[in-house]
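# Structure assessment
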Amino acid sequence: MSSSNNIREISISEFFSKNRHLLGFDSPIKALLTAVREGVDNSLDACEEAGIMPSITVQIDSESETQFAVTISDNGPGISKVHLGNIFAKLLYGSKFHRLRQSRGQQGIGISAAVMYGQMTTGKPALVISKTSAQAVVHEIELQIDTKKNVPKILKERENKTLEWQEKESGTMIRIHMEGAYKEGRHGVLAYLSQTALSNPHASFLFIDPKHARHPFPRLMHALPKAPEEIKRHPHGVEIGLLMQLLQDAKKESVVGFLRKEFSRVSENVATDIVKRAGLSLSRNTQGIHRAEAESLVKSIQATKLLPPPTNCLSPLGEDSLIKALYWLFVESKKWDSEEQVALIAPEQRLEKKGQSEFAFDWPKIEPWAQNIETNEDNSLSSKEDNYFVTAVTRPPNVYRGNPFQVEVGLFYGKGLKDGLMQVYRYANRVPLQYQASACAMTKAAMSAPWKSYGLDQSKGALPSGPVVLVMHAASVWVPYTSESKEAIAHYDEILKEFRLAILECGRRLQRYLRHQKRQADEMKKRSYIEKYLNPISEALSDILGLQTLEKQEIVLNLTHILEKNYGEKKPK
């Protein structure tokens, strides 16, 4: 046992400063990515809650071989001076932990952890600038975290009077100096932002890398996604410890009234039945409920049939958004050079090169740019000329441990993709998950599908091979991450089943497309063989039957007619 002289309380920030790997800062490459991800998530949540179409800029500047300055700025509602310090330099401080509604952040740790990591590795403070309205003062502070007390330390505080910020309507910017390593590839910042743009087509992003190259991701949808609403807890997700805590925190009131007020889907009659089945008096109040009574209440709740929780707390991407985003990423964006895409982000600087105008989706209307696209009855797009197929499935909402969730799967096949293992893009509440793929329920669900029967090669217990990208998204009020670094979701049976059902539907659609393509290819092959021998056949018939030139031409015409009847009219080149 330790001496009592050595025993002392430790703060949450002191704990995480020594265990930063738990938050995703366990390697220089990952640290840079985690800091960007936390800043972008905060910006997107803030803009959407304020009803603002997000425009986010991420810039990484190299300060030395191992040190970088990460800057994230947005056009969000800004943050009042009172909250600036706590939001950016106090762990477990935020507005989302106690709310049951879909949001990217949950615990109020992420951006503060990035500030703490920067402080630990460089000793430099973070810079925060924020403006809440066009006439408001622009506040600029330099801050660090007092890790022993988990409180912000404001080092400098001033008013920002630069023209750039005076002209802004509102917004927030944070700059963190940190140790890191910038790499491209599937775990890099560029790949993360590309995937983030795919899951947030209503937002525009501009990424400026350490070499000052600009990577734009223009806005594809001109409307915000449906705003999720806050709901109450569902009784089937409650455990005895939580119920006892809620009863203890409640004011003196009847247990029936408490159940109605605290939980969703509990009416007066349902609450009365629960209390009666638990063997409690209907006049019993919440004061002094002991453990045995709470246990009876939990058992009674679990035995009561209840409606599933409301699902207006979720905001899925939607099948149309997924299809459009996949189409843009793998087809349309290849037709625009970097400067033209930057112009799409800033409409006032729009370019009119090569006859192109602003890219706009108006699904399912066929736009001029999409003349070669076929829209199919099963909500998919395909193109014979460009050889690609894209589809998406959004499953109906379901529930795990009383928490509503909804899954979506999008699939892109063909154009420009390599014939390696299938690429799986995993998302939770619109946030890309780039590490721990093998530990994630989504990967397990993708591997469990019978891809061979859908026309792809697949080894046992592995992802299939082929030019395919699979996008998997889980939306929930409480995503069951496997760790605080939010890199994989847990293997709940309900979640695995929903993903599998969505994947199977996408697989069947892909199967129909591939079979159709194969049929057409076979027919074209047969046609080419017959065309090759049309003239020799007509020559042979002429010799055998002694036909004249006109009769010979008639035979050729008749054979051509039979060919077109069986295999369709040949299209002009």
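Look up: the structure comes first, before these words.
From a predicted model like this one, the values you see are computed outputs, not experimental measurements.

What follows deals with the overall build of the chain. When its secondary structure is counted, the chain shows 15 helices and 18 strands. Counting over 573 residues, the chain shows a buried share of 50%. Here the contacts in the chain between residues at least 6 apart in sequence split such that 70% fall between residues at least 24 apart. If you sum the accessible surface of the chain, you get close to 28300 Å²; carbon and sulfur atoms cover 51% of it.

Looking now at unusual backbone geometry. Most peptide bonds are trans, and most residues other than glycine sit at a negative phi. Even without a glycine there, the phi angle at Arg 265 is positive, about 65°. Here Arg 265 lies in the loop between helix H8 (255-262) and helix H9 (268-277). Look at Gln 436: it is not a glycine, yet its phi comes out positive at around 55°. In this structure, Gln 436 sits in the loop between strand S15 (431-433) and helix H13 (441-448).

It is worth spelling out a nonpolar patch on the surface at this point. Taken together, the side chains of Tyr 529, Ile 530, Tyr 533, Ile 537, Leu 541, Ile 544 and Leu 545 make up a nonpolar region of the molecular surface, amounting to roughly 690 Å² of accessible area. Its place among the elements puts Leu 541 in helix H14 (residues 493-545).

Below, the discussion takes up the pattern of salt bridges. With the rule as written, the count across this model stands at 17 salt bridges. If you follow the salt bridges from partner to partner, you end up with Asp 26, Lys 30 and Glu 487 in one network.

Mapped onto the secondary structure, Lys 261 falls in helix H8. Apart from the residues within four sequence positions on either side, Lys 261 is in contact with Lys 232 and Glu 253.

On to the nonpolar core, then. Formed by 42 residues in total, the largest nonpolar core has its most connected members in Val 40, Ile 60, Leu 193 and Phe 205. Looking at which element gives the most residues to this core, the answer is helix H2 (residues 28-49), with 7 residues. Judged by nonpolar contacts, the second largest core, of 39 residues, contains Phe 389, Leu 411, Leu 433 and Ile 503.

Sheet strands pair by backbone hydrogen bonding; their relative direction is either parallel or antiparallel. Ordered by their spatial adjacency, 8 strands build an open sheet running S5-S4-S3-S6-S2-S1-S7-S8, and the pairing between neighbours is mixed. Two strands in the sheet have a free side with no partner beyond their single neighbour: strand S5 (151-159) and strand S8 (214-217). Between one strand axis and the next, the sheet turns through 15° on average, direction left out of account. Here strand S3 (residues 126-131) pairs with strand S4 (residues 139-146) via 5 bridges, running antiparallel. From the neighbouring strand, Ser 130 faces S4, where its bridge partner is His 139. Running at roughly 10° to strand S2 (residues 67-74), H2 makes contact with strand S1 (55-62), S2, strand S6 (171-179) and strand S7 (204-208) of the sheet. Seen against the sheet, helix H6 (residues 189-199) touches S1, S7 and S8 and runs at an angle of roughly 170° to S7.

Along H8, the residues classified as buried are Val 255, Val 256, Phe 258 and Leu 259. The buried residues of H8 occupy an angular sector of 165° when the element is viewed end-on, so they sit on one face. Of the surrounding elements, those touching the buried residues of H8 are helix H7 (240-249), H9 and helix H10 (291-303).

Here the focus is the packing of aromatic side chains. For the structure shown, the criterion picks out 10 aromatic pairs. Seen in terms of ring centroids, Tyr 400 and Phe 405 are 5.9 Å apart; in terms of plane orientation they differ by 65°. Their pairing is edge-to-face. With a relative accessible area of 2%, Tyr 400 lands in the buried category. Each residue in the set Tyr 327, Phe 330, Tyr 388 and Phe 412 is aromatic and connected to the rest through ring pairs, giving one cluster. A cation over an aromatic ring shows up here: Lys 168 above the ring of Trp 165, its NZ or CZ 4.4 Å from the ring centre.

Time to look at the packing of H9 against H10. Contact geometry for H9 and H10: axes closest at 8 Å, N-to-C directions at 130°. Here H9 lies oblique to H10, going by the angle between them. H10 is crossed by H9, and the crossing has right-handed handedness. Across from Asp 273, Ile 274 and Arg 277 in H9, the residues of H10 making contact are Leu 297, Ser 300, Ile 301 and Ala 303. Looking at side-chain class alone, the contact of H9 with H10 contains 4 nonpolar, 1 polar and 2 charged residues.

Once that is clear, we can look at the pairing of S4. With 7 of 8 residues buried, S4 is to be regarded as a mostly interior element. Sheet topology note: the S4/S5 ladder contains 8 bridges and is antiparallel. Paired with Glu 140 across the strands is Arg 158, a residue of S5. Joining the antiparallel neighbours S4 and S5 is a turn of 4 residues, in which Asn 150 adopts a positive phi near 55°.

For H7, the complete set of buried residues consists of Leu 243, Leu 246 and Leu 247. Mapping the buried residues of H7 onto a view down its axis gives an arc of 100°, with all of them on the same face. The exposed set on the far side of H7, more than 90 degrees from its buried face, consists of Gln 248 and Asp 249. At its buried positions, H7 is contacted by H8 and H10.

Here the focus is the side chain of Thr 196. Mapped onto the fold, Thr 196 is located in helix H6. The residues contacting Thr 196, other than those within four sequence positions of it, are Val 40, Leu 44, Phe 205, Tyr 427 and Pro 432.

With that settled, the discussion passes to the packing of H8 against H9. Where H8 contacts H9, the two axes come as close as 9 Å, and the packing angle between them is 125°. For the element pair H8 / H9, the angle class is oblique. You can see that H8 and H9 cross each other, and the crossing is right-handed. From H8, Val 255, Val 256, Leu 259 and Arg 260 reach across to H9, where they touch Glu 268, Ala 271, Thr 272, Ile 274 and Val 275. Tallied by class, the residues present in the contact of H8 with H9 amount to 6 nonpolar, 1 polar and 2 charged.

Reading the values: the criteria
- Residues numbered from 1 in each chain as written.
- Predicted model: local features only at pLDDT ≥ 70, side-chain atom pairs only at ≥ 80, totals over all residues.
- Heavy atoms only, no water.
- Helix = DSSP H or I, 4+ residues; strand = E, 2+ residues; numbered from the N terminus.
- Buried < 20%, exposed > 50% of the residue type's maximum accessible area, 1.4 Å probe, protein only.
- Contact = heavy atoms within 4.5 Å.
- Areas by Shrake-Rupley, 256 points an atom, 1.4 Å probe, with all protein chains shown as cover.
- Patch = residues over 30% accessible without salt bridge, like charges linked within 9 Å, V, L, I, M, F, W, Y side chains within 5 Å.
- Salt bridge = Lys/Arg side-chain N within 4 Å of Asp/Glu carboxyl O.
- Core = buried A, V, L, I, M, F, W, Y, C linked by side-chain atoms within 4.5 Å.
- Pairing = 2+ DSSP bridges.
- Axes fitted to C-alpha atoms, helices over the stretch in contact; angles between N-to-C directions.
- Arc of directions from axis to C-beta.
- Phe/Tyr/Trp six-rings, centres within 6.5 Å; stacked < 30°, edge-to-face > 60°.
- Lys NZ or Arg CZ within 6 Å of the ring centre and 35° of its normal.
- Parallel < 35°, antiparallel > 145°, perpendicular 65-115°, else oblique.
- Left-handed = near helix turned anticlockwise from the far one by under 90°.
- Nonpolar A, V, L, I, M, F, W, Y, C, P; charged D, E, K, R; others polar.

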